[in-house]
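Geometric and topological summary
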Amino acid sequence: MQLEWARQAGTLYERVHQQYVGGARKLEALINELIGEEEGINYLTATARAKDPESFLAKAAKSHPDDPGRPKYDDPLNQITDLVAARVITFLVEAVDRVCEVIEEEFEIVEHTDMGAHTRAQGVFGYASKHYLVRLNAHRRELPEYAVLKNLVMEIQVRTAVQHAWAEFEHDIRYKLDIPPARKPEFDRRFLLAAALMELADNEFTEIDRLYRELAATASDKAPLDLTTGTLTTYLTRRYPDAPHAKTTHYAWILGVLHRLGVTTEEQLTDHLRGIDSEAVQAAMTHRAPAGTVRRLDDDLLAANGPAYLTLFPDEERRQKILRGRLKALTRAGIIQP
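Residues numbered from 1 in each chain as written. Predicted model: local features only at pLDDT ≥ 70, side-chain atom pairs only at ≥ 80, totals over all residues. Heavy atoms only, no water.

Here the focus is the sheet that holds strand β1 (residues 43-50). In spatial order, the strands read β1-β4-β7-β6-β5; together these five strands make up an open sheet with mixed pairing. Edge positions in the sheet fall to β1 and β5 (107-114), since each of these pairs with one other strand and no more. When strand polarity is set aside, the average angle formed by the axes of neighbouring strands in this sheet is 20 degrees. For β1 and strand β4 (residues 84-90), the ladder comprises seven bridges, and the chain directions are antiparallel. When the bridges of β4 are listed, Y43 appears paired with T90. Across the face of the sheet, helix α4 (residues 93-106) comes into contact with β4, β5, β6 (130-136) and β7 (154-160) while running at roughly 160 degrees to β7. (Pairing = 2+ DSSP bridges. Helix = DSSP H or I, 4+ residues; strand = E, 2+ residues; numbered from the N terminus. Axes fitted to C-alpha atoms, helices over the stretch in contact; angles between N-to-C directions. Contact = heavy atoms within 4.5 Å.)

Applying the stated criterion across every chain yields a total of four aromatic pairs. Plain terms: the ring middles of Y309 and F313 are 5.5 Å apart, the flat faces sit at 80 degrees to each other, and that makes the pair edge-to-face. Both residues of the pair, Y309 and F313, belong to the buried class. The residue whose ring lies beneath R319 is F313, and the NZ or CZ to ring-centre distance is 4.4 Å. (Phe/Tyr/Trp six-rings, centres within 6.5 Å; stacked < 30°, edge-to-face > 60°. Buried < 20%, exposed > 50% of the residue type's maximum accessible area, 1.4 Å probe, protein only. Lys NZ or Arg CZ within 6 Å of the ring centre and 35° of its normal.)

Time to look at the nonpolar core. By size, the foremost hydrophobic cluster in this structure holds 41 residues, and its most contacted members are Y20, L27, I31, I35, F107 and I156. Breaking this core down by element, the ones donating at least two residues are α1 (2-38), β1, α2 (53-60), β4, α4, β6 and β7. Broken down by element, this core gets its largest block of residues, eleven residues, from α1. Aside from chain neighbours lying at most four places away, what touches I35 is G40, I41, Y43, A46, V88, V99 and V102. A246, A284, M285 and L327 belong to the second largest nonpolar core, which has 32 residues in total. (Core = buried A, V, L, I, M, F, W, Y, C linked by side-chain atoms within 4.5 Å.)

The grouping of L193, L197 and L200 at the surface amounts to a nonpolar patch, some 290 Å² of accessible area in total. As for its position among the elements, L197 is in helix α8 (residues 184-218). (Patch = residues over 30% accessible without salt bridge, like charges linked within 9 Å, V, L, I, M, F, W, Y side chains within 5 Å. Areas by Shrake-Rupley, 256 points an atom, 1.4 Å probe, with all protein chains shown as cover. Salt bridge = Lys/Arg side-chain N within 4 Å of Asp/Glu carboxyl O.)

Okay, the pattern of salt bridges next. Counting across every chain of the model gives 20 salt bridges. Residues D299 and R295 are paired through a salt bridge, measuring 3.6 Å at the closest nitrogen-oxygen approach. With D299 and R295 both in helix α13 (residues 293-305) and four residues apart, the pair spans about one turn of that helix. As far as the burial class goes, D299 and R295 line up, both buried. Among the charged side chains, a salt-bridge network with shared partners connects R295, D298, D299, R319 and R326.

A few words on the side chain of R319. In this structure, R319 sits in helix α14 (residues 317-332). With a relative accessible area of 12%, R319 lands in the buried category. Other than its neighbours up to four places away in sequence, R319 contacts W253, D298, Y309, F313 and R326.

With 13 residues, helix α10 (residues 248-260) should cover 18 Å at 1.5 Å per step; its first-to-last C-alpha distance of 19 Å lies within 8% of that length. Within the span of α10, buried status applies to H250, Y251, I254, L255, V257 and L258. One side of α10 carries all its buried residues, which in axial view fall inside an arc of 160 degrees. Seen from the open side of α10, the exposed residues pointing more than 90 degrees away from its buried face are T248 and T249. Two residues or fewer past α10, G262 is found with a positive phi of approximately 80 degrees. (Expected span 1.5 Å × (residues − 1). Arc of directions from axis to C-beta.)

In terms of residue burial, β4 counts as a mostly covered element, since six of its seven residues are buried. Pairing between β4 and β7: six bridges, direction parallel. Bridge pairing links V88 to V158 in β7.

Turning our attention to α8. Side chains that are three or four residues apart share a direction in an α-helix, a result of its 3.6 residues per turn. Helix length check: α8 (35 residues) gives 51 Å between terminal C-alpha atoms against 51 Å at 1.5 Å per residue, within 8%. Looking only at α8, the buried set comprises F191, A195, M198, D202, D209, R213 and A216.

Turning our eyes to something else, we now look at the packing of α10 against α13. Following both chains from N to C, one finds α10 and α13 inclined at 20 degrees, their axes separated by 10 Å at the closest point. For the element pair α10 / α13, the angle class is roughly parallel. Of the two possible hands of crossing, α10 and α13 adopt the one that is left-handed. For the pair formed by α10 and α13, the contact residues are H250, Y251, W253, I254, V257 and L258 on the first element and T293, V294, L297, D298 and L301 on the second. Broken down by class, the residue content of the contact of α10 with α13 amounts to eight nonpolar, two polar and one charged. (Parallel < 35°, antiparallel > 145°, perpendicular 65-115°, else oblique. Left-handed = near helix turned anticlockwise from the far one by under 90°. Nonpolar A, V, L, I, M, F, W, Y, C, P; charged D, E, K, R; others polar.)

By themselves, these are just geometric observations and shouldn't be taken as functional.
Following this line, the structure appears as structure tokens:
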């Protein structure tokens, strides 16, 4: 009876599966837009997927933990919360925190689990991902483009690349291999050791990033170097020492913007931004998290060029809308005259 109930739910899910595939694409695009285009966070990937029908059937057929005679889910399509799920992978722990701030601002949070905090509370090493169950916020639920996600609870996981590698490998071994009880302590010990090294690696990447910033801040800027993605990265790290790094593709993008402004050397960029109080510009903005280096430069270029900056993006309607909002903020703060 229970298996037949699961099969009926599975058949229904197969009929609507493609709708969830479309919803996953929408969620993936939204997350990339929020953390990449708008916040300029340095991350590796942000992907989303719809649950595979076979995987759905297996989950729908699970028994209730307190009563093996009845199903765990009375209404699988509404109770299973990872029909659409996303995963964001970053390079640094700092970026995990910034992504989480955006998620908490832009979605309705149904549930939040900090796996790392749970692990540390037990005094051990292990999985350190952050898991969210979310719904679209009230505004997006009213937009036709998000109709398939309107009433859906979705899962979003955020973790570093190191944490991701450990989690994927650990899952493959523990859940896909029938480990004999006598060998289990050996596997547990080695996974524990790997988890400790994982935490050490994340800490060392953070320290390497700090050392790089320190070195960039003291680097000589006397030579009028031509701007490349490499020299621009160092220049912006020096100019905005407390700002997080951006994605490599974002440095290439802002370099193209600078070329459109006729700015091709560090000396020209310094002259172009002369007189701009970057701290005042940031105070006028309403960023959810500390803006990254490319976002800081983008804001300063807007302050330096005023409405003329928008003309650099004639065919980018969404970009124009964002810049108009920032321009109003700068005008209200008296940084740009109306």
